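Chain by chain, the residues:
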Amino acid sequence: RQRIRGWMRPALRRLLCGAVWVALAAVNAVARTGVEAAAEGSLAPVVVTATRGEASSFDLPAAIDVVERRDLRDRWQIGVSEVLDRIPGAVATNRGTFAQEEQIVLRGFGARSQFGVRGVRLLADGIPASTPDGQGGSGLFDLASAERIEVLRGPFSALYGNHAGGVVQVFTADGTSPPSLAADVAAGSWGSWRAASRYGGRWEGFDALVSVSRSETDGYRAWSSARKDQLNAKLRFAPQAGTRFTVVLNRLDQPDNLDPLGLTAAEMAADRRQAGAAALAFRTRRSLENSQAGLVFEHELEGGGAVRATVYMGQRGNEQYLALAGTGATSSGGVSTYERNFGGAGLRWTRRIDALLLTAGIDAERADDRRQGYVNDAGTKGALRRDEDDATRQTGVYAQAQWTPLPEWSLHAGLRRSRVTFDSRDRYVTGANPDDSGSVAYSAWTPAVGVVRHLGEKVNLYANLGRSFETPTFIELAYRPTGASGLNLDLRPSISRHAEIGIKVRLDPAVRFDAALFRIDTREEIVVDTNAGGRTAYRNAGRTRRLGVELSLDARIGENASARIAATWLEARFRDGFAGVAGAVAPDSRIPGVPGRTLWAELAWRRPSSGFSSALEGRWSGRVEADDRNTEAAAGYFVANLRAGFEQRIGAWRLHQFARLDNAFDRAYVGAVYVNDGNGRYYAPAAQRSWLVGLSATRSF
């Protein structure tokens, strides 16, 4: 421990000094060239995720950042891994296949996820894209129609329920005035292409936006071709002043997306573009369908209050061919399918009384799965091996308050009571496969408090404290380490205590610098215990600690240039040793899947008079451990990306063309790791140098 502290302190000092140097250099450049705020975007955007009401991100005692609409342009617009690296504390990894959901890691939470996102709450226009047990998929997000993405880290995210890392929320754009119709087409390396169309309009008392798209790729690696069709629509109706109805519709279809699986280190060295041998033997692939609809009612009350009611429902179907036969007596099979019906509702009330803003609400959500498993007979569905009904429920009540007793001070507090229940009814019971039915419930109080000291209009100091909890998912509860029947009722939720201090500096309208120092202590971290016979069982490992620094700088230099930097230093370690699936894990081992250092930077230039824009983007990531014992790891890497575009306006038409070059130096690196893979297939190679060109045309009416 003394040794770790000995090198942590100098590293922390160097990182802070470097951040100060970068900030001073940017300020000096701004002072020499003159500052003029750009017409589009804001350095203190209005956000709603932290407080559930509109507030300036600059004035909140929390780390919350925004990916704005302009940041989503000139790219594939298929997954959040394209843009989330510009957020400090956030890592989004792409395993190079649509068959596996992108992984989102916030402050080191979510790294152990084998399927999709866990430990991070996902929302789209206020409607959950995560299930009550904490799993989610960012593939539901339609980036082509998004107005912005808000990323909240720290304890105030715990007011949304069952997760520990934070909240990622996507907001669909409103209809335009005058109405407009847009068509986009893009094509690039590896036989990839995308076509999309959007129509949006705003009329008296009504506005609408509808977006449809199709994406296809042959894939960088063998056996990774995929297709994704998506529809997203937002319809808003205001029958009278102060009253508004919003309807949100979403449809996703991904048929037969092939999965090349991870590779061992030896396989990757021999041919990084190959598919795993098991992928070809078992024809691993996934088909996914998701349809959902939501209704939001908002009404302003007399005296400065408001109510907001939300209801949503949907269906999801999944069929996945795994890399095993699943013929064992206790195996769940090598083909996993489920049909899910889900829904929920929420009610929120707000009221301002002088310097006090109060918010209170209740929400409830459910997911009912008919889950089955079959033998994978070399890529065809064989005999039944699993048949069960799973039900998950989450209910929560919460209250938040914001008080400004003096202009120099503002206080924030929140409290939530969450209850998550699991119930499984096993329909596949044989002499060799006992009844695995069972039920369990978890509940917790999650408080958060924060304070902001306003040092004039340009500097805010803040601090916060809080508590979060993260239950096991149904996958983690499914089996006991001993092989006995029933749910793993000994598995307990992880409890985390958060502490954070930070500073937000706004130098004139065009320069903003943020820094946050945080510490998160978790007990009962959930890890893999046994992996045999087609069944993976989990256990609680003890204490972990995440200690980190997040830095960001956003500077507009002169009329045409801008610079952005996001840096993260994170020490995520097991404080206690434990008996892992592959052997003893020593105390102070790094938590796998979490890079210790990340840096993202962009220098952009545009000339409005000619419609030309360009940017140079760099991303650096440190070493990432692949297993709990830290015996395997993906090396650190640096990649550079280039982009350029032109825009023209001809009457009612707006035309835009762009080209981009990703991984310009053709680096061979690992894009994601499969944490604790039982077969040693830890590594998902990232694509090497690739290109993309696109064209869009928008017609206003």
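Just so you know, these numbers come straight off a predicted model, no measurement behind them. (Residues numbered from 1 in each chain as written. Predicted model: local features only at pLDDT ≥ 70, side-chain atom pairs only at ≥ 80, totals over all residues. Heavy atoms only, no water.)

Engineer: Sorry if this is basic, but what is going on with the overall build of the protein chain here?
Structural biologist: Along the protein chain, the regular secondary structure elements total 4 helices and 41 strands. For 701 residues, the compact-globule estimate of 2.2 N^0.38 gives 27 Å, and the C-alpha radius of gyration of the protein chain, at 25 Å, lies within 12% of that figure. Seen through its principal axes, the protein chain has C-alpha atoms that stretch 75 × 60 × 55 Å. Considering only intrachain contacts with a sequence separation of at least 6, the fraction spanning at least 24 residues in the protein chain is 65%. Of the roughly 28000 Å² of accessible surface on the protein chain, 57% is carried by carbon and sulfur atoms. Each charge class in the protein chain was averaged separately, 89 positive and 77 negative side chains, and the resulting centres sit 4 Å apart. (Helix = DSSP H or I, 4+ residues; strand = E, 2+ residues; numbered from the N terminus. Rg over C-alpha atoms; globule rule 2.2 N^0.38 Å. Contact = heavy atoms within 4.5 Å. Areas by Shrake-Rupley, 256 points an atom, 1.4 Å probe, with all protein chains shown as cover. Lys, Arg positive; Asp, Glu negative; His and termini not counted. Charge placed at Lys NZ, Arg CZ, Asp CG, Glu CD.)

Engineer: What should I look at first to understand the confidence of the model for the protein chain in this one?
Structural biologist: Of the residues in the protein chain, 93% reach a pLDDT of 70 or more, and the chain-wide mean stands at 91. Throughout residues 3–8 the model reports pLDDT below 50, and contacts reaching past four residues in sequence, or to other chains, amount to 10 contacts. (pLDDT = per-residue confidence, 0-100.)

Engineer: What's the story with the sheet that holds strand β3 (residues 63–68) in this structure? I'm lost.
Structural biologist: Strands belonging to one sheet form pairs held by backbone hydrogen bonds; the direction of such a pair is parallel or antiparallel. With mixed pairing, 5 strands are arranged side by side in an open sheet as β3-β10-β11-β7-β8. For this open sheet the edge positions go to β3 and β8 (127–128), each flanked by a neighbour on one side alone. Relative to β8, strand β7 (residues 120–124) is paired through 2 bridges, and the arrangement is antiparallel. In the strand pairing of β8, Leu-123 is matched with Pro-128. (Pairing = 2+ DSSP bridges.)

Engineer: How do you make sense of the environment of Arg-148 when you look at a structure like this?
Structural biologist: Following the sequence through the fold, Arg-148 ends up in strand β10 (residues 146–153). Accessibility expressed as a relative area gives 18% for Arg-148, which makes it buried. Once the C-alpha coordinates of Arg-148 and Val-67 are considered, the two residues, 81 residues apart in sequence, prove to be 5.5 Å apart. Beyond its immediate stretch of four places on either side in the chain, Arg-148 contacts Val-46, Val-48, Val-66, Val-67, Glu-68, Gln-169, Val-170 and Phe-171. Of note is the side chain of Arg-148, whose polar atom sits 2.9 Å from the side chain of Glu-150. (Buried < 20%, exposed > 50% of the residue type's maximum accessible area, 1.4 Å probe, protein only. Polar contact = N/O pair within 3.5 Å; in protein donor to acceptor, adjacent residues only side chain to side chain.)

Engineer: Before we go on, may I ask you to explain the side chain of Lys-228 in this structure?
Structural biologist: For Lys-228, the position within the fold is in strand β15 (residues 226–240). Although Lys-228 lies buried, it forms no salt bridge, and the closest oppositely charged side chain, Glu-101, sits 6.7 Å away as judged by the N-O distance. Of note is the side chain of Lys-228, whose polar atom sits 3.1 Å from the backbone oxygen of Gly-139. The contact partners of Lys-228, leaving out residues within four places of it in the chain, are Ile-78, Phe-98, Gly-139, Ser-213, Arg-214, Ser-215, Leu-252, Asp-253 and Gln-254. (Salt bridge = Lys/Arg side-chain N within 4 Å of Asp/Glu carboxyl O.)

Engineer: So what exactly am I meant to see when it comes to the packing of aromatic side chains here?
Structural biologist: Going through the model one piece at a time under the given rule, you end up with 10 aromatic pairs. Ring centres of Phe-245 and Phe-297 lie 5.1 Å apart, and the angle between their planes is 45°; on these two criteria the pair is classed as tilted. Within this pair, whereas Phe-245 is found in strand β16 (residues 243–258), its partner Phe-297 is found in strand β17 (residues 285–300), the two being separated by 52 residues in sequence. Judged by its relative accessible area of 31%, Phe-245 falls in the partly exposed class. Measuring from centroid to centroid gives 6.1 Å for Trp-605 and Phe-612, while their planes differ by 55°, and the two rings are tilted. (Phe/Tyr/Trp six-rings, centres within 6.5 Å; stacked < 30°, edge-to-face > 60°.)

Engineer: Is there a simple way to think about the environment of Thr-93 in this case?
Structural biologist: Its place among the elements puts Thr-93 in strand β4 (residues 90–93). Taking the C-alpha atoms as reference, Thr-93 lies 9.8 Å from Val-670; in sequence the two are 577 residues apart. For Thr-93, the residues in contact, after removing those within four places along its chain, are Ser-81, Glu-102, Gln-103, Gly-671 and Ala-672.

Engineer: What exactly am I supposed to notice about the pattern of salt bridges here?
Structural biologist: A pair can form between side chains of opposite charge whenever their charged atoms are brought close. The tally for this structure, following the rule as stated, stands at 57 salt bridges. Linking Arg-112 and Glu-470 is a salt bridge whose minimum nitrogen-to-oxygen distance equals 3.7 Å. Taken together, the residues Arg-112 in the loop between β5 (103–106) and β6 (117–118) and Glu-470 in strand β24 (residues 459–470) connect sequence positions 358 residues apart. Residue classification places Glu-470 among the buried residues on the basis of a relative accessible area of 6%. By sharing partners, the salt bridges in this structure join Asp-71, Arg-86, Asp-554, Arg-564, Glu-602 and Arg-643 into a single network.

Engineer: Please explain the environment of His-498 as it appears in this structure.
Structural biologist: Turning to its location among the elements, His-498 is positioned in strand β25 (residues 494–507). Among the residues examined, His-498 registers a relative accessible area of 5% and is labelled buried. Residues His-498 and Ala-448, spaced 50 residues apart in sequence, show a C-alpha to C-alpha distance of 8.9 Å. Setting aside residues up to four positions removed in sequence, His-498 forms contacts with Gly-154, Pro-155, Ala-164, Asn-464, Leu-465, Gly-466, Arg-467, Ser-468, Arg-519 and Ile-520. Within the structure, the side chain of His-498 is placed 2.9 Å from the side chain of Ser-468, a separation counted as a polar contact.

Engineer: Please explain the nonpolar core as it appears in this structure.
Structural biologist: The nonpolar side chains of a soluble globular protein tend to be buried with one another. By size, the foremost hydrophobic cluster in this structure holds 24 residues, and its most contacted members are Leu-84, Ile-104, Leu-122, Phe-141, Ile-149 and Val-168. Broken down by secondary-structure element, the contributors of at least two residues to this core are β4, β5, β7, β10 and β11 (166–172). For Leu-84, the residues in contact, after removing those within four places along its chain, are Val-67, Ala-90, Ala-92, Ile-104, Ile-149 and Val-151. Counting 16 residues, the second-largest nonpolar core is a separate cluster that includes Ile-520, Ala-541, Leu-570 and Phe-578. (Core = buried A, V, L, I, M, F, W, Y, C linked by side-chain atoms within 4.5 Å.)

Engineer: Which parts of the structure should I look at to understand the side chain of Arg-385?
Structural biologist: Its location among the elements puts Arg-385 in strand β21 (residues 380–406). No salt bridge is formed by the buried Arg-385. Its closest oppositely charged neighbour is Asp-377, at 11 Å. For Arg-385, the residues in contact, after removing those within four places along its chain, are Gly-326, Thr-327, Gly-328, Ser-331, Ser-332, Gly-333, Gly-373, Tyr-374, Val-375, Tyr-428 and Asn-433.

Engineer: I'm lost on unusual backbone geometry in this one. Help?
Structural biologist: Of all residues except glycine, most have a negative phi; of all peptide bonds, most are trans. For the bond running from Ser-177 to Pro-178, omega is 5°, close enough to zero to count as cis. Its place among the elements puts Pro-178 in the loop between β11 and β12 (180–188). Positive phi, close to 65°, is recorded for Arg-52, a residue that is not glycine. With respect to the element layout, Arg-52 can be found in the loop between β1 (46–47) and β2 (55–56).

Engineer: Is there a simple way to explain the pairing of β10 in this structure?
Structural biologist: Working note: regular strand, side chains alternate between the two faces of the sheet. The element β10 is extensively covered by neighbouring structure, given that 7 of its 8 residues are classed as buried. In terms of strand pairing, β3 meets β10 through 6 bridges, oriented antiparallel. Looking at the pairing, Ile-64 lines up with Leu-152 of β10. The sheet contact formed by β10 and β11 spans 7 bridges and is antiparallel. Paired with Glu-150 across the two strands is Gln-169, which belongs to β11.

Engineer: Just to check I follow, could you spell out a nonpolar patch on the surface for this structure?
Structural biologist: A cluster of nonpolar side chains, contributed by Leu-181, Tyr-199, Trp-203, Phe-206, Phe-237, Phe-245, Leu-295, Val-311 and Phe-701, occupies part of the molecular surface with about 800 Å² of accessible area. On the secondary structure map, Trp-203 appears in strand β13 (residues 192–203). (Patch = residues over 30% accessible without salt bridge, like charges linked within 9 Å, V, L, I, M, F, W, Y side chains within 5 Å.)

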